[in-house]
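Here is what each chain is made of, one letter per residue.
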Amino acid sequence: MEFDNLTAGQIKSLIERGDASAVEICSHYIANVQREDPKIKAYLHTSFEKARQQAARIDELKKAGASLPRLAGLPMAIKDNILVKGLRSTCGSKILENFIALYNATVVEKLEAEGALFLGKANLDEFAMGSSTENSAFFPTRNPHGLEHVPGGSSGGSAAAVASHMTVAALGSDTGGSIRQPASLCGVVGLKPTYSRVSRYGLVAFGSSLDQIGPIARSVEDVARVLGVIAGKDPHDATSLDLPVPDYLTGIANSVQGVTIGLPKEYFGAGISPDVKDKLQAGLKLLEALGCRMAEIELPHTDFAIATYYVIAMAEASSNLARFDGVRYGLRVSGEGNLSGMYRETRDAGFGTEVKRRIVLGTFVLSSGYYDAYYLKAQKVRTLIKQDFEKAFQKVDFIISPTSPTTAFRIGEKSSDPLAMYLSDIFTITANLVGVPGISIPCGKTPAGLPVGMQILGKHFDEQRMLNLAYAFEQAGGFDL
Amino acid sequence: MKIGNAEVEYVAKLANLAITEEEKKMFIGQLNSILEYVEQLNSLDTENVEPTAQVVHTQEQNFSLRQDEPCVTFSQEESLGNGPAVAAGYFKVPKVIAER
C-alpha cells in the first residue's frame, strides 16, 4: 500500500535516498497487477521479467553512485499498438496475435533510456478503433470504478491500469479522444499533445493526420514529466517538428490569475447528462475562484465535426490497414490457393467487425465517384472547423468542456449501435481535427461513484500553460469535487 | 439508400476483404445510417474553401528532408522472423500467375 500513491518524482527520490529499491517498487506493482487484473483485465500481456531487469539496472546505477535518470523506477504500461522490442504487439487484433516487435517505438526508446519499467502491454479497442475497449479481439477491460461499466477507449487498458494502481503511468494513443475519454471515464489524467509534438515512429498507424501518443497518470505532474521525456523531433517521423521541448514542470505551479477560458455555447447545449453538467459547473466555479475569467465563445461548425472526423479517420484507416495482408507478418489463412483469395480470407479472419466496418466505409468514401463528395468535402469542412478554433483562440487562452457527455456507460450498452458510440466523441474529436493539445483531468464523481472529466484544450504547442492550469485545478482540490 | 448489396460487395473487393452474408446485411444498414448522417456536410458551402490534409505544418516548416545515407537496420533473419510462411530467405505466397 505504501507505494500505491507515489508520483514519478517521489519514486526517484525514494531510490536516490536509499529508502526503497527500484526492484521493491517494481515488485509492489507486479503484485498489484496479479491481485487486480483478473477483475479489471487491463493488460493484454505482461512483461514482468523485463520490468525486473530494468529495475535492477536502476539499482545498479544507484549502487555505483551514478546520477539517476529522470523517470528512474517509474512503472509503466504501454498501449499494445506501440512497439516494445521483443514483446508481442497485437493492437488488440487477431491479425497480429503473434506479432513480435522488431524494434522500439521512439517513445519507448526514450522512456527506457530515462529509467522507466515496462510492466506490460495494455488492452485497447482493435487498432484503436472504438470508445469502450469492447472491440478488443481478446477481452473487454472493466472500469475500476464500476466493474459493469466500460473504461472508455480506445486506450481503456492504459487508463484502467493507472486508475487501479496497476501502474503509475501509461502511454496511450489519441486519434479522436482515445487518451482523454478513457482518462475521464476512469478518473485519471490523460494528455493528447499537439499534432507533431511526439514521434509516432513505432505506433501502428490508424489515422495518420490525427494520431498522437500521450501520457496517462494519476497526477498532472506525472503527465508533465512523461511528456517532457517523449516529446521532440525524431528523424524517423517526418511529421514530428523540431521545436524546443520545455521542462514542463517549470512554472507548473504558477498563478492562473487572469487566464481566460472559453466556454463554447455549442458544447453546453443539450446532450450533456445532468450529473456531468453539475460537476463541470462546480469545476468552473473553482477556476473562477482561482482568478480565471470565463468567456462564452462560438465554434459554429461543431455540429459538423463528427461527420468530418469519421470520414477522414475511416479513409485514413482503410489505407493504413491495407498492409495487413498475411505476407510479411501476422495471421495467414490460405484461401483457395491463390494470392487474392489468401488476402481476403486472411483479412476476413483477422479483423473484427468494427475494423471491417471502417475499412468498408473508408474505402467507399475514397472510391472513384465518391472521393469529392465525401473525402474532399470533409477535408474542406476540416478547414472551417480549424478556422473556428483560430478565431476562438484569438479571444481566449483555453477552451473547456466536459471530456465526455456522459460518465462510463455499461458494457454492451452501445455496442450494437456504432453511430451512437461515435456521437459520444463530440468534445474530443475536434482537437485531433485541428491539431491542438488537450488534457482530461478528473472533476469529481457522480452520486453513483463514476468519475467526471474536464477537458482543457490549448493553442498549438501550449502544453506548458495547459499543464499549469490543470495543476492549479488539481492543487485546489478540483479532482475531488 | 446510398449503399446496397452491389456497393458493399464492390468495396469489399477493393479492400481485399471477404465478408459474410450476415456482415453484409448488417453493414448495409449501419453504413447507410452513417452516410445519411454524413450528408449534413452538404449543407455547408465550401466552394472557396481549401481542403486541410494535415495541420500544424506549413510548407516553410518542412524539416523532414535529410541526407539519404545507408545504415544497418534489420538482418534478413529478423525481417523474416514474423513471416507466416518463409522459405530459403523469402516470404512464401500462393501462386500468383495461373497455369494455362
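In this report, the structure presented in the accompanying data block is examined. (Residues numbered from 1 in each chain as written. Chains lettered and ligands numbered in written order. Predicted model: local features only at pLDDT ≥ 70, side-chain atom pairs only at ≥ 80, totals over all residues. Heavy atoms only, no water.)

We now examine the state of the cysteines. Linking two cysteines covalently via their sulfur atoms produces the bond known as a disulfide. All names here are of chain A. All chains considered together, the criterion is met by zero disulfides over all chains. Of all cysteine sulfurs in the structure, the one in Cys-443 sits closest to Cys-186, which takes part in no disulfide; the separation is 16 Å. Cys-186 sits in the buried class, given a relative accessible area of 0%. (Disulfide = S-S within 2.5 Å. Buried < 20%, exposed > 50% of the residue type's maximum accessible area, 1.4 Å probe, protein only.)

Attention now goes to empty space enclosed by the protein. All names here are of chain A. Counted by the stated rule, this structure contains two cavities of 30 Å³ or more. In this structure, the largest cavity encloses a volume near 110 Å³. If you trace the largest cavity, you find 17 residues lining it, with Gly-130, Ser-131, Ser-178, Tyr-310 and Asp-425 closest to the centre. Residue composition of the lining of the largest cavity, grouped by class: five nonpolar, ten polar and two charged. Estimated volume of the second largest cavity: approximately 30 Å³. Taken together, the residues that form the lining of the second largest cavity break down as six nonpolar, one polar and no charged. (1 Å grid on protein atoms, 1.4 Å probe; cavity = no way out; pocket = protein on both sides within 12 Å on 5 of 7 lines; lining within 4 Å. Points joined across faces, edges and corners; volume = space filled by probe spheres on them. Nonpolar A, V, L, I, M, F, W, Y, C, P; charged D, E, K, R; others polar.)

A few words on the layout of surface pockets. In this model, the largest pocket occupies a volume close to 390 Å³. Leu-83, Phe-99, Tyr-103, Arg-323 and Tyr-329 of chain A are the residues nearest the centre of the largest pocket, which is lined by 18 residues in total. The class makeup of the residues in the lining of the largest pocket is twelve nonpolar, three polar and three charged. Taken as a whole, the second largest pocket spans an internal volume of roughly 300 Å³. Along the walls of the second largest pocket sit 14 residues, with Tyr-201 and His-236 of chain A together with Cys-71, Val-72 and Thr-73 of chain B positioned nearest its centre. Class assignment of the residues belonging to the lining of the second largest pocket gives a composition of seven nonpolar, three polar and four charged.

What follows concerns unusual backbone geometry. All names here are of chain A. Cis geometry marks the peptide bond from Gly-153 to Ser-154; its omega dihedral reads 10 degrees. One can find Ser-154 in the loop between β3 (117–122) and α5 (156–163). Residue Cys-91 is not a glycine yet carries a positive backbone phi of 55 degrees. Relative to the helices and strands, Cys-91 resides in the loop between β2 (75–79) and α4 (106–113). For Ser-196, which is not glycine, the phi torsion reads 85 degrees and is therefore positive. With respect to the helices, strands and loops of the structure, Ser-196 is situated in the loop between β5 (189–192) and β6 (212–217). (Helix = DSSP H or I, 4+ residues; strand = E, 2+ residues; numbered from the N terminus.)

Okay, the pattern of salt bridges next. All names here are of chain A. The full count for this structure, using the stated rule, is 22 salt bridges over all chains. Residue Glu-36 pairs with Arg-35 through a salt bridge whose shortest N-O separation is 3.1 Å. The exposure class of Glu-36 is buried, given its relative accessible area of 16%. On the basis of relative accessible area, Arg-35 is assigned to the partly exposed category, the value being 49%. Close ionic contact of Arg-358 with Glu-354 constitutes a salt bridge, the shortest N to O distance being 2.7 Å. Placement of both Arg-358 and Glu-354 in helix α11 (residues 353–366) is noted, with a separation of four residues, approximately one turn of the helix. Side by side, Arg-358 and Glu-354 carry an identical accessibility label, which is buried. Overlapping salt bridges, with partners in common, bring together Arg-35, Glu-36 and Lys-39 in one network. (Salt bridge = Lys/Arg side-chain N within 4 Å of Asp/Glu carboxyl O.)

So, on to the pairing of strand β7 (residues 260–264) of chain A. All names here are of chain A. For β7, the tally of buried residues reaches five of five residues, placing the bulk of the element in the interior. On β7, burial covers both faces: Thr-260, Gly-262 and Pro-264 on one face and Ile-261 and Leu-263 on the other are all buried. Alignment of β7 against strand β8 (residues 293–297), held across five bridges, turns out to be parallel. Bridging from a neighbouring strand, Leu-263 pairs with Glu-296 of β8. By the bridge criterion, two bridges tie β7 to strand β9 (residues 398–402) in an arrangement that is parallel. The partner of Ile-261 across the bridge, within β9, is Phe-398. (Pairing = 2+ DSSP bridges.)

This paragraph deals with the packing of helix α7 (residues 220–230) of chain A against helix α15 (residues 463–475) of chain A. Two quantities define a packed helix pair, namely the angle between the axes and the distance from one axis to the other. All names here are of chain A. One way to put it is that α7 packs onto α15 with a least axis distance of 9 Å and a crossing angle of 160 degrees. Relative to α15, α7 is oriented roughly antiparallel. Crossing of α7 against α15: the hand is left-handed. Contacts between α7 and α15 pair Val-220, Glu-221, Val-223, Ala-224 and Leu-227 from the former with Glu-463, Leu-467, Ala-470, Tyr-471 and Glu-474 from the latter. Among the residues making up the contact of α7 with α15, the classes are represented as seven nonpolar, no polar and three charged. (Axes fitted to C-alpha atoms, helices over the stretch in contact; angles between N-to-C directions. Parallel < 35°, antiparallel > 145°, perpendicular 65-115°, else oblique. Left-handed = near helix turned anticlockwise from the far one by under 90°. Contact = heavy atoms within 4.5 Å.)

With that settled, the discussion passes to the environment of Thr-428 of chain A. Residue and element names in this part refer to chain A. Tracing the chain through its elements places Thr-428 in the loop between α13 (418–423) and α14 (429–434). Assessed through its relative accessible area of 1%, Thr-428 is described here as buried. Through-space distance from the C-alpha of Thr-428 to that of Gly-73 is 32 Å; in sequence the pair is 355 residues apart. Contact partners of Thr-428, with chain neighbours within four places excluded, come to Gly-176, Gly-177, Arg-180, Thr-403 and Gln-455. A polar side-chain atom of Thr-428 sits 2.8 Å from the main-chain carbonyl oxygen of Gly-176. (Polar contact = N/O pair within 3.5 Å; in protein donor to acceptor, adjacent residues only side chain to side chain.)

Purely spatial values, then, with no claim about function.
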